[in-house]
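A look at the structure
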Amino acid sequence: MKKIILFGPPGSGKGTLASVIIKIFPDIVHISTGAILRANLKNETPLGFKAKKYIEEGKLVPDDLVIEMVRKRLAQKDVKTCGFVLDGFPRTIKQAESLSKIVDIDLFLLIKISQYAIEKRILGRFSCQICGAIYNLYTLPPKVKGICDKCGSKIEFIQRTDDNVQSLKKRLKHYENNAKPIIKYYKKKRILKYINSEKILSLSNKQIRKMIEKEKLPLL
Ligand code: AMP
């Protein structure tokens, strides 16, 4: 059973990497804290109400709310039996420390990407409203314009409400402020590996298997 964290700035391809991993290990559960929060927003749950203004302003949702949300998700049966790829959590050192009290992580995958590529990714990003498949206007358009490759539904270029320049600047700032201690934390645990964002879609099954093999890395 694999317990993996995908870490990188907004737009680095955490969701894409998760789907690549799941193609090879279909039982692993993809947990995206951003997606869970957006679903709460859409369904107007109490958590959605509390999180709304933070998400729309590109701010981090308070730790206690997100930690509790993740704790609940990790206690569910599918995750307990099949493992998970965690995308978008932890985003603060407090979240990382809380997570280690809940579960032992096997692998922390750090995605490397340039600032230019981030902007292109975020500002061109959209997804299928029906099945959630991720596309990009510039780098990953659907094969047939306006039709989802995965489920065949009609799709339009509808951006996430927080995928705009203003919000992106804030999200990048939060990332810069919080990433260093988190990366150091997992480096110390000897479970950190790097991956280049540009290479995610060209990785072979063998390379992905090798990347997520459970092994302790040498101390750096
Ligand atoms: P994402 O889809 O991962 O880019 O997340 C979208 C938004 O959800 C972020 O900009 C935050 O407002 C919120 N969010 C997602 N994950 C977290 C987290 N671990 N801690 C705090 N806020 C989060």
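Below is a short write-up of the structure. (Residues numbered from 1 in each chain as written. Predicted model: local features only at pLDDT ≥ 70, side-chain atom pairs only at ≥ 80, totals over all residues. Heavy atoms only, no water.)

Brief notes about the overall build of the protein
- Scanning the protein for helices and strands turns up nine helices and seven strands.
- Computed over C-alpha atoms, the radius of gyration of the protein comes to 17 Å, within 12% of the 17 Å expected from 2.2 N^0.38 for 220 residues, which places it in the range of a compact globule.
- If you line up the protein on its principal axes, its C-alpha atoms span 45 × 40 × 35 Å.
- When burial is assessed residue by residue, the protein has 46% of its 220 residues classed as buried.
- Partitioning the contacts of the protein with sequence separation of at least 6, the portion at a separation of at least 24 is 69%.
- Surface accessibility of the protein: about 12,600 Å² in total, with carbon and sulfur atoms responsible for 54%.
- Here the protein holds 44 positive side-chain charges and 21 negative ones, and the gap between their average locations is 4 Å. (Helix = DSSP H or I, 4+ residues; strand = E, 2+ residues; numbered from the N terminus. Rg over C-alpha atoms; globule rule 2.2 N^0.38 Å. Buried < 20%, exposed > 50% of the residue type's maximum accessible area, 1.4 Å probe, protein only. Contact = heavy atoms within 4.5 Å. Areas by Shrake-Rupley, 256 points an atom, 1.4 Å probe, with all protein chains shown as cover. Lys, Arg positive; Asp, Glu negative; His and termini not counted. Charge placed at Lys NZ, Arg CZ, Asp CG, Glu CD.)

Focus: the sheet that holds strand 7 (residues 192-196)
- The five strands lie next to each other as 2-3-1-4-7, forming an open sheet whose pairing is parallel. The two strands at the open ends of the sheet, each matched to only one other strand, are strand 2 (29-32) and strand 7. Strand after strand, the sheet turns through a mean of 25° between neighbouring axes, direction not considered. (Pairing = 2+ DSSP bridges. Axes fitted to C-alpha atoms, helices over the stretch in contact; angles between N-to-C directions.)

A word on the site of the ligand
- Neighbouring residues of the ligand: 16 residues in total, closest Thr33, Lys59, Gly88, Arg91 and Gln95.
- In the model, a nitrogen atom of the ligand is placed 3.0 Å from a nitrogen or oxygen of the Val61 main chain.
- One of the side-chain nitrogen or oxygen atoms of Arg160 is found 3.0 Å away from an oxygen atom of the ligand.
- Computed on the free molecule, the ligand has an accessible area of 480 Å², of which 97% lies beneath the protein chains in the complex.
- Considering each element in turn, the shell around the ligand owes the most residues, four residues, to helix 2 (residues 33-42). (Near = heavy atom within 4 Å. Polar contact = N/O pair within 3.5 Å; in protein donor to acceptor, adjacent residues only side chain to side chain.)

What to know about the environment of Lys101
- Tracing the chain through its elements places Lys101 in helix 6 (residues 93-102).
- Among the residues examined, Lys101 registers a relative accessible area of 73% and is labelled exposed.

So, the packing of aromatic side chains
- Evaluation of the coordinates by the stated rule reveals six aromatic pairs.
- Aromatic side chains Phe108 and Tyr186 sit 4.4 Å apart centroid to centroid with 10° between the ring planes, which places their arrangement in the stacked category. On the criterion of sequence distance, the pair formed by Phe108 in strand 4 (residues 107-112) and Tyr186 in helix 8 (residues 165-188) is long-range, its members being 78 residues apart.
- An angle of 85° between the planes, with centres 5.4 Å apart, marks the rings of Phe126 and Phe157 as edge-to-face. Of the two residues, Phe126 sits in strand 5 (residues 125-127) while Phe157 sits in the loop between strand 6 (134-136) and helix 8, which places them 31 residues apart along the sequence.
- An aromatic cluster is built from Phe7, Phe108, Tyr175, Tyr185 and Tyr186, whose rings are joined through pairwise contacts. (Phe/Tyr/Trp six-rings, centres within 6.5 Å; stacked < 30°, edge-to-face > 60°.)

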